[in-house]
Amino acid sequence: MSEKVFGLGVNEVMAYTAIANVLLVVLLTAINIFYAAHAKRQADAAKAQVDASNRQSEIAAESLSLLRKQMDQQRRTDLASVTLQLKVAVHVVEDWLKRISSEKHPPLPDEIGILPADFSLATQRANSIDHIVAENMGAASLFVAEAETNLRLMRQRNPEEPEGWRDHQQKAAKSLNAAKYKLSVARTRWESLAEQPS
């Protein structure tokens, strides 16, 4: 008796089953290859993203390094500029003190300006590094402005009448001495800052 299934013999069913198994294996292999290729593309894209991220981090690190160098350079420039302005201001105030210290009415210029024009900028630069130095510089500026006012009033008085200008001379000298003290305090503190490593 021959056994038949769906009109096919056992050997034929086994052959068709083997063919179906081979086709199924080929189909599953193709699906695996497709997913493997897709996974490789995703891995390549992820690697490209990592590379791009690494490049961005390197660029950011370089930018940060450049910014730090610029900040250090600005700090050195500010230190040098303020140091120079403080030295000039102390020297100018001392010169004005010598100029007005005589017993006679000193010859005064038409325009009285004691501090350099960019002293206020130096005060702002100092404030970005040390507010105490900037406060002393600002106080010195106020004392100098008071001295300038007294010198202008002194210039308008009659040189032949000491009682008319002597009081303004003394007030100007007092204000200039106070300014000199404030500038000296600021300069001492500033020079100690300049000696510290940044």
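For the structure, check the block above.
Since we're looking at a predicted model, the values are computed, not measured.

## Thoughts on the overall build of the chain
And then number 1: Tallying secondary structure elements over the chain gives four helices and two strands in all.
And then number 2: Written out in order from the N terminus, the α and β elements of the chain read β-β-α-α-α-α.
And then number 3: Taking 16 Å as the expected radius of gyration for a compact globule of 198 residues, we find that the chain reaches 44 Å, considerably beyond that expectation.
And then number 4: Residue pairs at least 24 apart in sequence account for 74% of intrachain contacts in the chain once pairs closer than 6 positions are excluded.
And then number 5: Each charge sign in the chain was given a centre, from 24 positive and 24 negative side chains, and these centres are 2 Å apart.

## Details of the pattern of salt bridges
A side chain of one charge can pair with a side chain of the opposite charge when the charged atoms of the two come close.
And then number 1: Under the defined criterion, the tally for this structure stands at nine salt bridges.
And then number 2: We note a salt bridge from Asp78 to Arg125, for which the minimum N-O separation is 3.5 Å. Of the two residues, Asp78 sits in helix α1 (residues 10-100) while Arg125 sits in helix α2 (residues 119-129), which places them 47 residues apart along the sequence.
And then number 3: Using a relative accessible area of 6% as the deciding quantity, one classes Asp78 as buried.
And then number 4: Taking the shortest distance from any N to any O, the salt bridge between Arg166 and Glu103 comes out at 3.7 Å. Of this pair, Arg166 sits in helix α4 (residues 162-195) while Glu103 sits in the loop between α1 and α2, and the two are 63 residues apart along the sequence.

## Re the packing of α1 against helix α3 (residues 131-156)
And then number 1: Here α1 crosses α3 at 30°, and the two axes come no closer than 13 Å. Regarding the angle of α1 to α3, the classification is roughly parallel. Between α1 and α3 lies a crossing whose hand is left-handed. Between α1 and α3, the contacting residues are Val82, Leu86, Val93, Trp96 and Ile100 on the first element and Met137, Val144 and Leu151 on the second.

## A closer look at the environment of Ser63
And then number 1: Structurally, Ser63 is set in helix α1.
And then number 2: With a relative accessible area of 42%, Ser63 lands in the partly exposed category.

## Focus: the nonpolar core
And then number 1: Trp96, Ile114, Met137, Leu151, Leu176, Leu183 and Trp190 are the most contacted members of the largest nonpolar core, which totals 33 residues.
And then number 2: For this core, the secondary-structure elements that each account for two or more residues are α1, α2, α3 and α4.
And then number 3: Looking at this core, the element that brings in the most residues is α1, giving ten residues.
And then number 4: Those residues within four positions of Leu183 in sequence are excluded, and the remaining contacts are Leu86, Ala89, Val90, Val93, Phe119 and Ala140.

## Focus: α2
And then number 1: Listing the buried residues of α2 in full gives Phe119, Ala122, Thr123 and Ala126. Projected down its long axis, α2 shows its buried positions confined to an angular sector of 105°, all on one face. Along α2, exposed side chains directed more than 90 degrees from the buried face belong to Gln124 and Ser128.
And then number 2: Looking at the buried positions of α2, the neighbouring elements they touch are α1, α3 and α4.

## Regarding a nonpolar patch on the surface
And then number 1: Taken together, the side chains of Leu24, Leu27, Leu28, Ile31, Phe34 and Tyr35 define a hydrophobic patch exposed on the protein surface, amounting to about 610 Å² of accessible area.
And then number 2: With respect to the helices and strands, Leu27 occurs in helix α1.
And then number 3: Relative accessible area serves as the criterion here: at 48%, Leu27 is assigned to the partly exposed category.

## Re the packing of aromatic side chains
And then number 1: All told, the structure shown has one aromatic pair when counted by the stated rule.
And then number 2: On the numbers, 5.5 Å between centres and 65° between planes, the contact of Phe34 with Tyr35 is edge-to-face.
And then number 3: Owing to a relative accessible area of 52%, Tyr35 belongs among the exposed residues under this scheme.
And then number 4: We note Arg99 situated over the ring of Trp96; from NZ or CZ to the ring centre the distance is 4.4 Å.

## A short note on the environment of Gln169
And then number 1: Along the chain, the position of Gln169 falls in helix α4.
And then number 2: Distance from Gln169 to Arg155, taken between C-alpha atoms, is 9.6 Å for residues 14 residues apart in sequence.
And then number 3: Once you skip the residues sitting within four places of it in the chain, Gln169 turns out to touch Ile100, Ser101, Ser102 and Met154.

How each quantity is defined
- Residues numbered from 1 in each chain as written.
- Predicted model: local features only at pLDDT ≥ 70, side-chain atom pairs only at ≥ 80, totals over all residues.
- Heavy atoms only, no water.
- Helix = DSSP H or I, 4+ residues; strand = E, 2+ residues; numbered from the N terminus.
- Rg over C-alpha atoms; globule rule 2.2 N^0.38 Å.
- Contact = heavy atoms within 4.5 Å.
- Lys, Arg positive; Asp, Glu negative; His and termini not counted.
- Charge placed at Lys NZ, Arg CZ, Asp CG, Glu CD.
- Salt bridge = Lys/Arg side-chain N within 4 Å of Asp/Glu carboxyl O.
- Buried < 20%, exposed > 50% of the residue type's maximum accessible area, 1.4 Å probe, protein only.
- Axes fitted to C-alpha atoms, helices over the stretch in contact; angles between N-to-C directions.
- Parallel < 35°, antiparallel > 145°, perpendicular 65-115°, else oblique.
- Left-handed = near helix turned anticlockwise from the far one by under 90°.
- Core = buried A, V, L, I, M, F, W, Y, C linked by side-chain atoms within 4.5 Å.
- Arc of directions from axis to C-beta.
- Patch = residues over 30% accessible without salt bridge, like charges linked within 9 Å, V, L, I, M, F, W, Y side chains within 5 Å.
- Areas by Shrake-Rupley, 256 points an atom, 1.4 Å probe, with all protein chains shown as cover.
- Phe/Tyr/Trp six-rings, centres within 6.5 Å; stacked < 30°, edge-to-face > 60°.
- Lys NZ or Arg CZ within 6 Å of the ring centre and 35° of its normal.

No statement about biological role is implied by the geometric values presented.
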